[in-house]
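Coordinates in review
Each chain is listed here by its residues.
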Amino acid sequence: MNLAQLLVRAARSYPERPAVLWGADVIRNYQQLAERSARVASHLSHTLGLQAGDRVALYMSNHVDYLEFLYAAWWAGLVVVPVNAKLHAKEVLFILEDAQASALFVTADLAADLKPLLPRVSSLRGVFTPGEPECADLQDAAPILAVHRAPDDLAWLFYTSGTTGRPKGVMQTHRNLYAMTSCYFSDVDSVEVDDALVYAAPMSHGAGMYNFAFVARAARHVVPASGGFDPAELVVLSQQLGNLCLFAAPTMVKRLVEYIQSVGAPVDGFKTIVYGGGPMYVEDIQSALKTMGPRFVQIYGQGESPMTITALSRQHLADQSHPQWVHRIASVGHAQTLVEVRVVNEAGDALPDGETGEIVVRGEPVMSAYWCDPEATAKALRDGWLWTGDMGAMDANGFLTLKDRSKDVIISGGSNIYPREVEEVLLCHPAVHEVSVIGQPDAEWGEVVVAFVVGQGLDAQTLDALCLEHIARFKRPKIYRFVESLPKNNYGKVLKTVLREQLNKE
């Protein structure tokens, strides 16, 4: 049941098919990708002495070696810890220490800030940076056979922040991720041999998790030369390669559509664009469909049930003749095939159609637990159901519409930002007495971070510098509001609803 068997099978059946591309250039075929992964796995097992179940962290910008290291870890029976490349080095340090990572792969652009902190990670036995000698030496090891792993063995330890600001490790098993891949084929899209998955979004997150479906079909994996999202580059790649598929946050979709509209670029090279990670405005998806046609699928998920809670098919998105079309494209679609989804009240009772409550989900892709956090696990997993913390309503036809987020998470450009962790950093400044962080709707980013700050002698530049010292750049507030006091209820709790109302009036 080892996920590495996907690559083993692809390499045996279709050794000469192109596997990894940098831009339009083929870097490795499937036989080469598998052999290189087997050699890295051998080094991790025999040279470093890592044992099945040990953790290997990937703190990398999108890179042509990413899949090689990813599958090498599973090939050796290890657990992958994917780390967001946008995180601050201090945040990465916490993850490495909490996961007790035994090995780390880090790209050169991220290594300089992190390496001075690594001596504090006592569990680390090896650090590897593509392009440096120690990384090239990995290919000197003799390849090994993929290690057997049981379906419920841990495969993927993904860190997602909670409302307390303390990152939690979501434990995904090999079974969970096989189920997620099955859901892709059932509810999102088919994959053909000539398809090309382009990693315009981070490979450490949702975009990277779709690699399984494309490896299973021995299709192509494309790392853009830019390393990320560039609308003009994507249009060129779509014409050079054809059948281009990608996962994108709504803000990325909007920018791509606007670029295509502005230059009259062709769209026939795009096959499928899956969007998720935040709400898409109705007018934006209508514009996208008008410009690019029925090439879109929406998914709703979270780290605890990755990419697999609901899906809104291209057929539903394209069916403009349906009387409920506008309502449907504002939803996040139906429950995916291998999960059950309900909307419940605080007691866990299912609510009637149309009533708003918390969204819960159970099924094969749902996480097994939070890493070393039984209290958080017990709160999130109850009687087999994952309580998502998201509020929504389901109609009589099973279409789920998101209403609010009980966890106060801010989603900006497809990235989750948790107010508490930003608030804690701002409160480190001695002149900051109180602070409350909320999200403000933004046409481009979905939401932007706004900080209401109580204190004296403060300015935005000082607080910005403080944030940049401790947290990732994308988490820092875009707007600061310096106020004399924060609105509170009788129990002293800050009324964020009042703060949101203040922003809406401006």
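Sequence positions are assigned chain by chain, starting from 1 and proceeding in written order. Local features in a predicted model are, by the rule used here, given only for residues with pLDDT of at least 70; side-chain atom pairs are given and counted only at 80 or more, and totals for whole chains, interfaces and linings are based on all residues. To obtain the side-chain values, all non-hydrogen atoms of the structure were used and water was disregarded.

Of all ten residues that make up strand E20 (residues 385-394), nine are buried, and the element is covered over most of its length. As judged from the four bridges shared by strand E17 (residues 357-363) and E20, these two strands associate in the antiparallel manner. From the neighbouring strand, Gly357 faces E20, where its bridge partner is Gly392. Connecting strand E19 (residues 381-382) to the next strand, E20, in antiparallel fashion are two residues, including Asp383 with a positive phi near 55°. Each residue is assigned to one of three classes by its accessible area relative to the maximum for its type, calculated with a 1.4 Å probe on protein chains only: buried under 20%, partly exposed between the two thresholds, exposed over 50%. Secondary structure elements are taken from DSSP: a helix is a run of H or I of four residues or more, a strand is a run of E of two residues or more, and numbering for both begins at the N terminus. A pair of strands counts as paired when DSSP detects no fewer than two bridges linking them.

One broad trend across soluble globular proteins is that nonpolar side chains are buried collectively. If you look at the biggest cluster of nonpolar residues, it comprises 105 residues, and the most contacted ones within it are Trp74, Phe105, Phe270 and Phe296. Take this core: its biggest share by element is nine residues, from helix H3 (residues 66-75). Contacts are assigned to residue pairs with any non-hydrogen atoms lying within 4.5 Å of each other. Discounting chain neighbours no more than four positions away, the residues touching Phe296 are Val253, Ile273, Tyr275, Ile285, Ala288, Leu289, Ser313, Arg314 and Leu317. In this structure, Val92, Ile95, Leu104 and Leu117 belong to the second largest nonpolar core, which totals 28 residues. In plain words, nonpolar cores are sets of buried Ala, Val, Leu, Ile, Met, Phe, Trp, Tyr and Cys residues tied together by side-chain atoms within 4.5 Å.

Attention shifts here to helix H11 (residues 250-263). The periodicity of an α-helix, 3.6 residues per turn, causes residues three or four positions apart to be oriented the same way. Given a rise of 1.5 Å per residue, 14 residues ought to cover 20 Å, and the 20 Å separating the end C-alpha atoms of H11 matches this to within 8%. Residues of H11 that are buried: Pro250, Thr251, Met252, Val253, Lys254, Leu256, Val257 and Ile260. Along its buried surface, H11 packs onto helix H10 (231-241), strand E11 (244-248), strand E12 (270-275), helix H12 (282-292) and strand E13 (296-302). Here a helix's expected span is defined as the number of its residues, less one, multiplied by 1.5 Å.

A few words on the environment of Tyr184. Tracing the sequence through the fold places Tyr184 in helix H7 (residues 174-188). Residue class for Tyr184 comes out buried when judged on its relative accessible area of 3%. Residues Tyr184 and Val344, spaced 160 residues apart in sequence, show a C-alpha to C-alpha distance of 26 Å. Aside from chain neighbours lying at most four places away, what touches Tyr184 is Asp189, Val191, Tyr210, Ala213 and Phe214.

Between N-to-C directions, angles cover 0 to 180 degrees, with each direction set by a line fitted to C-alpha atoms, over the stretch in contact for helices. Close contact between helix H2 (residues 30-47) and H3 brings their axes to 8 Å; oriented N to C, the two are set at 55°. By the angle between their directions, the pair H2 and H3 is classed as oblique. As for the relative orientation of H2 and H3, their crossing is right-handed in sense. Here Leu33, Ala34, Arg36, Ser37, Ala38, Val40, Ala41 and Leu44 of H2 come into contact with H3, specifically with Leu67, Glu68, Phe69, Tyr71, Ala72, Ala73 and Trp75. Classifying every residue of the contact of H2 with H3 by side-chain character gives twelve nonpolar, one polar and two charged. Should an angle lie under 35 degrees it is considered roughly parallel, over 145 roughly antiparallel, and from 65 to 115 roughly perpendicular; all remaining angles are considered oblique. Left-handed is the label given to a crossing in which the near helix is rotated counterclockwise from the far helix by less than a right angle, and right-handed is the label when the rotation is clockwise. Gly is placed with the polar residues, together with every amino acid not listed as nonpolar (Ala, Val, Leu, Ile, Met, Phe, Trp, Tyr, Cys and Pro) or charged (Asp, Glu, Lys and Arg).

A word on the sheet that holds E11. Read from one edge to the other, the open sheet built from nine strands follows the order E2-E1-E10-E9-E11-E12-E13-E14-E15, with strand pairing classed as mixed. Because the sheet does not close on itself, it has two edges, and the strands there are strand E2 (25-29) and strand E15 (334-335). Pairing geometry for E12 and E13, over three bridges, is parallel. Looking across to E13, one finds that Tyr275 is bridged to Gln298. Contacts from H7 reach E12, E13 and strand E14 (305-312), with the element oriented near 10° to E14. Sheet strands in contact with H11 are E11, E12 and E13, and its direction is about 145° off that of E12.

Turning our attention to the side chain of His174. Within the secondary structure, His174 is located in helix H7. Among the polar contacts made by the side chain of His174, one reaches the main-chain amide nitrogen of Leu3 at a distance of 3.1 Å. Excluding anything up to four places from it in sequence, His174 contacts Met1, Asn2, Leu3, Trp74, Arg149, Ala150, Pro151, Asp153, Leu154 and Ala155. N or O atoms within 3.5 Å of each other form a polar contact, as long as, within protein, one can give a hydrogen and the other can take it, and as long as residues adjacent in sequence are counted only when both atoms are side-chain atoms.

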